[in-house]
Every structure is written in C-alpha cells, then in structure tokens.
Amino acid sequence: MHRFDRSTTAFQEFIASMRQHWANRMYPALVAEYRARAAGDAPDSAEAAGALLSDSATYRWFGFVERHFQRMKYSDPQWGLAAAFERDPEGVARALAAAEGSRYLTLDPELAIPAYYRAVDIHQHPGNLVGAPYDGLMYLISAASIHPTTRRFEAHERFAAWLADRGRFERVLDMGCGFGKSTLPIARAFPEAEVIGIELSEPCLRLAAVMAEESGPANVHFAQKDALRTGHADGSFDLVTSTQLLHELPLREVRNLLAESFRLSRPGGWVVHLDFRCHEPWKQFLIEGHAVRNNEGYLPQFNRMDMQAALRAAGFEEVGIEPFAEAEGVTDPAWPYWRFPWTLFAGRRPLK
Ligand SMILES: C[S@@+](CC[C@H](N)C(=O)[O-])C[C@H]1O[C@@H](n2cnc3c(N)ncnc32)[C@H](O)[C@@H]1O
C-alpha cells in the first residue's frame, strides 16, 4: 500500500522486533520476578501488586521499552512513521486515491471533533488520528499483532465469527470503526446485512474505503459521524457494535455511548462492545500502567467502572460481560506472553 525508504524500513522492523521481544521475553521475565518477590502471597489490589516491583530494574526496563519504542515508532525525527509520511505526500495521495468519490464513503467536513478526543494523543499517535492525511495509513502499520501465535487482524475476525454464532442481523452499526478492521470482517460475516462503520477520523475512513474498493464486500459503508450523536433514527439497527472504543472515552461519554447504542437498537436487538477489562491485581497493575505509558488516558477509570450497573442503567437486559479470546489459547491462565485483557460487554434492548 505504501513503501518506505530502506533506512525507515530497517528502523521500523527493529521497533517491531523489539515489541515482540518485549511481549514474549521481557514480559515473562517480569512475571517471574514478580512471583519471586510475592513469594506465594496474593496482593489484594493493583497498588499492592505494583508496590512489590517499586525498586525493580526489570520493571523499569519493561516500562521504558513499552513507552519509548512506541514513541520512536511514530515520532523519531528521522525514521519515525510521521516523518516518513511527511517526506512523501505523493505516496500518501497515491495510496488513498481510490477513496476519492468512493461509493463506500460519506464524509462530513463540518463534523465537530469532541474536546475529549483532542485532549490526548492516544497510543502516542501524534494528533490522534485527525492530525494528518496519513493518519489511517500510520494506524494500519502500527496496529500489527504483538505475540507469536496471533495473525494480524485475528481478534476482529474472531469477533465477527462470535457475532455470527449468535444469530443473523440485517442492519449493523459499528461505532468507532477506525480503518474498518472490525467493520470489514463483520460485513463479510453477514453478507445479507447492511453494515455501516462510523468514525470521527477522515483519514481512517478514507483508508477503510480504499480497502473496500480493493476487496469489498459490497454491503459495507463508512460514514464520518460522532458515535455519541449519530443522527440515526431510534431503533434502526438490530446489532450495534464497537471494538476498542469504550476505553478511549471519558466515563461520562461511556455512559452516553451506552445510551446512544441503546437508542439505536431495535426492541429485541443486541449491543456488543468489545474492549478490555482486568481486575486480577497483578494484571490490573500492568494494564493500568500500560495506559499511563501509552497515553491511554481514559483506560484506568474505564477499567474500574461498574459496567454491569452502567449497562443496566442504560436500559439493557440479558447483560453479559465475559472474557474474549483474541487467539487460540490466550485466555488459559498459563498463557505466558503479554496480551490485552479482551472482554465482551453485551446487552439486549427489551422487547417492550
Ligand atoms: C482504538 S481505535 C479502534 C478502531 C477499530 N474499532 C479497531 O478495533 O481497529 C478507536 C477508534 O474510535 C474512534 N473514536 C473515538 N471517539 C469516537 C466517537 N465519539 N465517534 C466515532 N469514533 C470515535 C477513534 O478515532 C478510533 O479510530
């Protein structure tokens, strides 16, 4: 889709290898040190678990690599992704050319970007997906798989398969769809359905449209809309989804998103948000630490939010919150490598 010069490619390959090393070698070493320090005790909070590592050089090195290699990936002044794309505006335009006038795409240049979104460069992505025309391309490169047994995009394909096991749906809305990583597999899983992905970021939507132009499916459409105020009619979808959106919202907006997804689903329709959640103290310490190190500003408070209560307060019944396996074997407690604690948040709008 887009080619870099050799130095940039070599640097980016080094960063990607280091990320693998971090997830598959440094993380198990950190776990071993934590277990040795805990000496059979089970700390009862994330804070108590973290205190065991307060003077650990292994933990500091783990945290440094997590934060600063991600920063270098995007923002190294010479070989970072942003600098490489800035040097090649024609290449960016070429890569996105198929989005121009695409039947898969509806843009809204007047759409207001919410203040919470501009406040944080999430994932350390400069400008948070609305800063530059190449933001979608940059996000695509960045969103690679990080442990040895996961295929690229596997989590999203497995999510679509999970949904397909639950029934047939005719109108599906995928909120915060990014470049379509979730929406495209859902549209393929439900070929008879009309599937709409909505997103704030124009550069991501353009990339989604390019992908749809290249390989379909024909039943998908991407629109620039705020998921908190979509403008779609009440009850106009029988399935509303999102992947990795909730933890990127302040708590008040999580509640507003649940209210909007409830409003949009038809009586008896389903809402399924796929996100992260972990309350086991040691892993909670790590995931909330990851949030700080990777500018996931809203994740810690989302992780501690009572989502059962929030889903019920929004009006849902048959509320279910359950772990989700983004690859084979990853929810086994003995899984040795770093992973995000993927979790499904589902509810149904009552028939009456
Ligand atoms: C972590 S990304 C996930 C993208 C995609 N669902 C995936 O799993 O690859 C979260 C996405 O939500 C989008 N987003 C955040 N707030 C939004 C809002 N209020 N309305 C629509 N999209 C939003 C962001 O621009 C970003 O693309």
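For clarity, every value in this text was computed on a predicted model and none was experimentally measured.

Caption draft 1: Representation of the overall build of the protein chain. The number of helices and strands found in the protein chain is 14 helices and eight strands. For the protein chain, the C-alpha radius of gyration of 20 Å lies close to 20 Å, the compact-globule estimate for 352 residues. Across its three principal axes, the protein chain shows a C-alpha extent of roughly 55 × 55 × 35 Å. Counting contacts in the protein chain only where the partners sit at least 6 residues apart, residues at least 24 apart contribute 78% of the total. Accessible surface for the protein chain amounts to roughly 15,500 Å². Of this, 54% is attributable to carbon and sulfur atoms. Once the 38 positive and 45 negative side-chain charges of the protein chain are each reduced to a mean point, those two points are 1 Å apart.

Caption draft 2: Region of the structure containing the site of the ligand. What surrounds the ligand is a group of 22 residues, the closest being Tyr116, Tyr117, His156, Glu199 and Thr243. The contact in question runs from a nitrogen atom of the ligand to an N or O atom on the backbone of Gly176, over 2.8 Å. Measuring from an oxygen atom of the ligand, one finds a side-chain N or O atom of Gln244 at 2.9 Å. Burial of the ligand by the protein chains amounts to 99% of its free accessible area of 590 Å². A per-class count over the shell around the ligand returns 10 nonpolar, seven polar and five charged.

Caption draft 3: Focus on helix α5 (residues 89-96). The set of residues buried in α5 consists of Gly91, Val92, Ala95 and Leu96. What you see down the axis of α5 is that its buried residues fit within an arc of 125°, all on one side. Turned more than 90 degrees off the buried face of α5, the exposed positions are Glu90 and Arg94. Lining the buried residues of α5 we find α4 (81-86), α7 (135-142) and α10 (202-215).

Caption draft 4: Up close: the packing of α7 against α10. Interhelical geometry of α7 versus α10 gives an angle of 70° and a closest axis separation of 7 Å. As judged from the angle between their axes, α7 and α10 are roughly perpendicular. Contact residues: Asp135, Gly136, Leu137, Tyr139 and Leu140 in α7; Pro203, Cys204, Leu207 and Met211 in α10. Here the residues of the contact of α7 with α10 sort into seven nonpolar, one polar and one charged.

Caption draft 5: Quick look at the side chain of Lys73. Structurally, Lys73 can be placed in helix α3 (residues 57-75). For Lys73, which is buried and forms no salt bridge, the nearest opposite charge comes from Glu296, at a distance of 11 Å. Not counting residues within four places of it along the chain, the set of residues in contact with Lys73 comprises Gln12, Ile15, Gly80, Leu81 and Ser142.

Caption draft 6: Main features of the state of the cysteines. Here the structure, examined in full by the defined rule, presents zero disulfides. Of all cysteine sulfurs, the one in Cys204 lies closest to Cys177, which takes part in no disulfide; the gap is 8.0 Å. You can call Cys177 buried: its relative accessible area is 3%.

Caption draft 7: Expanded view of unusual backbone geometry. Residue Pro217 is reached from Gly216 by a cis peptide bond, and omega for that bond is 0°. Here Pro217 lies in the loop between α10 and β4 (220-224). Positive phi, close to 45°, is recorded for Ala39, a residue that is not glycine. As for its position among the elements, Ala39 is in the loop between α1 (6-38) and α2 (46-51). Phi is positive for Gln244, close to 60°, though the residue is something other than glycine.

Caption draft 8: Just the packing of aromatic side chains, in detail. The tally for this structure, following the rule as stated, stands at 24 aromatic pairs. On the basis of an interplanar angle of 85° and a centroid distance of 5.1 Å, the ring pair of Phe262 and Phe316 is categorised as edge-to-face. A residue pair is termed long-range when its members are at least 10 positions apart, and Phe262 in helix α11 (residues 251-264) and Phe316 in the loop between α14 (307-313) and β7 (317-323) qualify at 54 residues. Take Phe262: its relative accessible area is 17%, and that puts it in the buried class. Lying over the aromatic face of Phe302, Arg277 brings its terminal NZ or CZ to 4.9 Å of the ring centre.

Caption draft 9: View of the environment of Phe324. Its place among the elements puts Phe324 in the loop between β7 and β8 (342-348). Along the backbone, Phe324 and Leu274 are 50 residues apart, and their C-alpha atoms lie at a distance of 8.2 Å. Not counting residues up to four positions away in its chain, the partners in contact with Phe324 are Ala155, Arg158, Phe159, Trp162, Leu274, Thr331, Arg339, Trp342, Thr343 and Leu344.

Caption draft 10: Looking closely at α11. With 14 residues, α11 should reach 20 Å at 1.5 Å per residue; the first-to-last C-alpha distance of 20 Å fits that figure. What α11 keeps buried is the set Glu253, Val254, Leu257, Leu258, Glu260, Ser261, Phe262 and Leu264.

Caption draft 11: Fine view of the nonpolar core. Counting residues in each nonpolar core, the largest one holds 112 residues, and the members touching the most others are Met175, Phe222, Trp282, Leu286 and Met307. For this core, the element with the highest residue contribution is α1, accounting for 10 residues.

Caption draft 12: Examining the sheet that holds β8 more closely. Here eight strands make up an open sheet; going across it, the order is β1-β4-β3-β2-β5-β6-β8-β7 and the pairing mixed. The open sheet has two free edges, formed respectively by β1 (105-106) and β7, since each of these has just one partner strand. Where strand β3 (residues 194-199) and β4 come together, five bridges link them in parallel fashion. Paired with Gly197 across the two strands is Phe222, which belongs to β4. On the sheet, helix α8 (residues 154-166) packs against β5 (237-243), β6 (265-276), β7 and β8 and is oriented at approximately 155° with respect to β5. Along the sheet, α11 contacts β2 (171-175), β5 and β6; its crossing angle with β6, the most-contacted strand, is approximately 145°.

The rules behind these values
Residues numbered from 1 in each chain as written. Predicted model: local features only at pLDDT ≥ 70, side-chain atom pairs only at ≥ 80, totals over all residues. Heavy atoms only, no water. Helix = DSSP H or I, 4+ residues; strand = E, 2+ residues; numbered from the N terminus. Rg over C-alpha atoms; globule rule 2.2 N^0.38 Å. Contact = heavy atoms within 4.5 Å. Areas by Shrake-Rupley, 256 points an atom, 1.4 Å probe, with all protein chains shown as cover. Lys, Arg positive; Asp, Glu negative; His and termini not counted. Charge placed at Lys NZ, Arg CZ, Asp CG, Glu CD. Near = heavy atom within 4 Å. Polar contact = N/O pair within 3.5 Å; in protein donor to acceptor, adjacent residues only side chain to side chain. Nonpolar A, V, L, I, M, F, W, Y, C, P; charged D, E, K, R; others polar. Buried < 20%, exposed > 50% of the residue type's maximum accessible area, 1.4 Å probe, protein only. Arc of directions from axis to C-beta. Axes fitted to C-alpha atoms, helices over the stretch in contact; angles between N-to-C directions. Parallel < 35°, antiparallel > 145°, perpendicular 65-115°, else oblique. Salt bridge = Lys/Arg side-chain N within 4 Å of Asp/Glu carboxyl O. Disulfide = S-S within 2.5 Å. Phe/Tyr/Trp six-rings, centres within 6.5 Å; stacked < 30°, edge-to-face > 60°. Lys NZ or Arg CZ within 6 Å of the ring centre and 35° of its normal. Expected span 1.5 Å × (residues − 1). Core = buried A, V, L, I, M, F, W, Y, C linked by side-chain atoms within 4.5 Å. Pairing = 2+ DSSP bridges.

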